[in-house]
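Summary of structural features
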Amino acid sequence: MLNLYLSMAAFALASSISPGPVNIVALRSGTQYGFRASLAHVSGATIGFTILLFLTGLCLHELLAIMPALAQIIKWAGVAFLLFLAYKLAVDNGKLEVDEHGKGPSAWYGALMQWLNPKAWLASIAGMGAYAANGDTSMVWHFTIIYFFICYASIAAWAYAGTALRQLFKKPALMRAFNRSLAVMLLISAVYLVLS
């Protein structure tokens, strides 16, 4: 059983720590608002994802198989969302207005992002397909709980990294270059999603 849990944890870490829209927003939030103010986004994104993961494990993947049009709607909503985020980053002026007392992205925003995030859908379907495809409810619960803690730590790490990078991005030109590189990563994700 320990080997299974370690495998689940490795899958969760690889999926959660890799760049994606939620992590990019956490990084940007950490840079602008600081780590503490970013924790609402981290919490919301983690809860939103684990609800998606849990429902996928219970039966959502079967619903998507029965209703392929729903999968297409989710896909194109995700592409539109990625393009919107990329645009916002690309047109940002690069002036880092550090606001220690400001509010970072809300928990609701983080949760909604996960439901529009193609990476979250793919990770949910692939993960539950690998570890709970037989419908074993206890495995769905175990995987969801393991994923929750790893997802939280991963998104928080991105927010912390943003906070640590603040000094580097005091020059607007560097921040613009950073934002545009993040925008390119989101565009690549959107193109990949369209072509898949």
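This structure is a prediction, so every number in the text was calculated from the model and none was measured. (Residues numbered from 1 in each chain as written. Predicted model: local features only at pLDDT ≥ 70, side-chain atom pairs only at ≥ 80, totals over all residues. Heavy atoms only, no water.)

This model, assessed by the stated rule, comprises 10 aromatic pairs. Aromatic pair F54 and W141: ring centres 4.5 Å apart, planes at 55 degrees, arrangement tilted. With F54 in helix α3 (residues 35–66) and W141 in helix α7 (residues 137–164), this residue pair connects regions lying 87 residues apart in the sequence. Owing to a relative accessible area of 19%, F54 belongs among the buried residues under this scheme. (Phe/Tyr/Trp six-rings, centres within 6.5 Å; stacked < 30°, edge-to-face > 60°. Helix = DSSP H or I, 4+ residues; strand = E, 2+ residues; numbered from the N terminus. Buried < 20%, exposed > 50% of the residue type's maximum accessible area, 1.4 Å probe, protein only.)

Grouped together as the largest cluster of nonpolar side chains are 45 residues, with contacts concentrated most on F49, F143, Y147, I155 and L186. Residue assignment for this core shows that the elements contributing at least two residues are α1 (2–17), α2 (21–33), α3, α4 (68–90), α6 (118–131), α7 and α8 (172–195). In terms of residue count, the dominant contributor to this core is α7 (11 residues). Excluding anything up to four places from it in sequence, L186 contacts P21, I24, L82, L85, A86 and L89. (Core = buried A, V, L, I, M, F, W, Y, C linked by side-chain atoms within 4.5 Å. Contact = heavy atoms within 4.5 Å.)

Another aspect to go through is the UniProt feature "transmembrane region" (unreviewed entry) in the chain. Mapped onto the present numbering, the UniProt feature "transmembrane region" (unreviewed entry) falls on residues 35–56, 63–87, 145–165 and 177–195. When the span residues 145–165 is considered, its composition is 95% helix and 0% strand, and the gap between its end C-alpha atoms is 31 Å. (UniProt positions renumbered as here; feature names shortened; annotations may be inferred.)

As a further point, take the confidence of the model for the chain. Averaged over the chain, the pLDDT score is 85; the fraction of residues at 70 or greater is 93%. Predicted confidence in the chain is weakest over α4, with a mean pLDDT of 77, and strongest over α7, with 95. (pLDDT = per-residue confidence, 0-100.)

When you line up the elements, F149 lands in helix α7. According to the relative accessible area criterion, F149 is exposed, its value standing at 56%.

Below, the discussion takes up the environment of I145. Its place among the elements puts I145 in helix α7. For the pair I145 and F54, spaced 91 residues apart in the sequence, the C-alpha separation amounts to 9.3 Å.

Turning to α6, a few remarks are in order. With 14 residues, α6 extends 20 Å between its outermost C-alpha atoms, agreeing within 8% with the 20 Å of an ideal straight helix rising 1.5 Å per residue. For α6, the set of buried residues is P118, A120, W121, A123, S124, G127, M128 and Y131. Between a side-chain oxygen at the N-terminus of α6 and the backbone nitrogen of K119 the separation is 2.9 Å; the capping residue is N117. (Expected span 1.5 Å × (residues − 1). Polar contact = N/O pair within 3.5 Å; in protein donor to acceptor, adjacent residues only side chain to side chain.)

So, on to a nonpolar patch on the surface. A cluster of nonpolar side chains, contributed by I47, I51, L55, L58, L112 and W115, occupies part of the molecular surface with about 510 Å² of accessible area. Secondary-structure elements contributing two or more residues to the nonpolar patch are α3 and α5 (107–116). It is α3 that provides the largest number of residues to the nonpolar patch, a total of four residues. With respect to the helices and strands, I47 occurs in helix α3. Accessibility expressed as a relative area gives 43% for I47, which makes it partly exposed. (Patch = residues over 30% accessible without salt bridge, like charges linked within 9 Å, V, L, I, M, F, W, Y side chains within 5 Å. Areas by Shrake-Rupley, 256 points an atom, 1.4 Å probe, with all protein chains shown as cover. Salt bridge = Lys/Arg side-chain N within 4 Å of Asp/Glu carboxyl O.)

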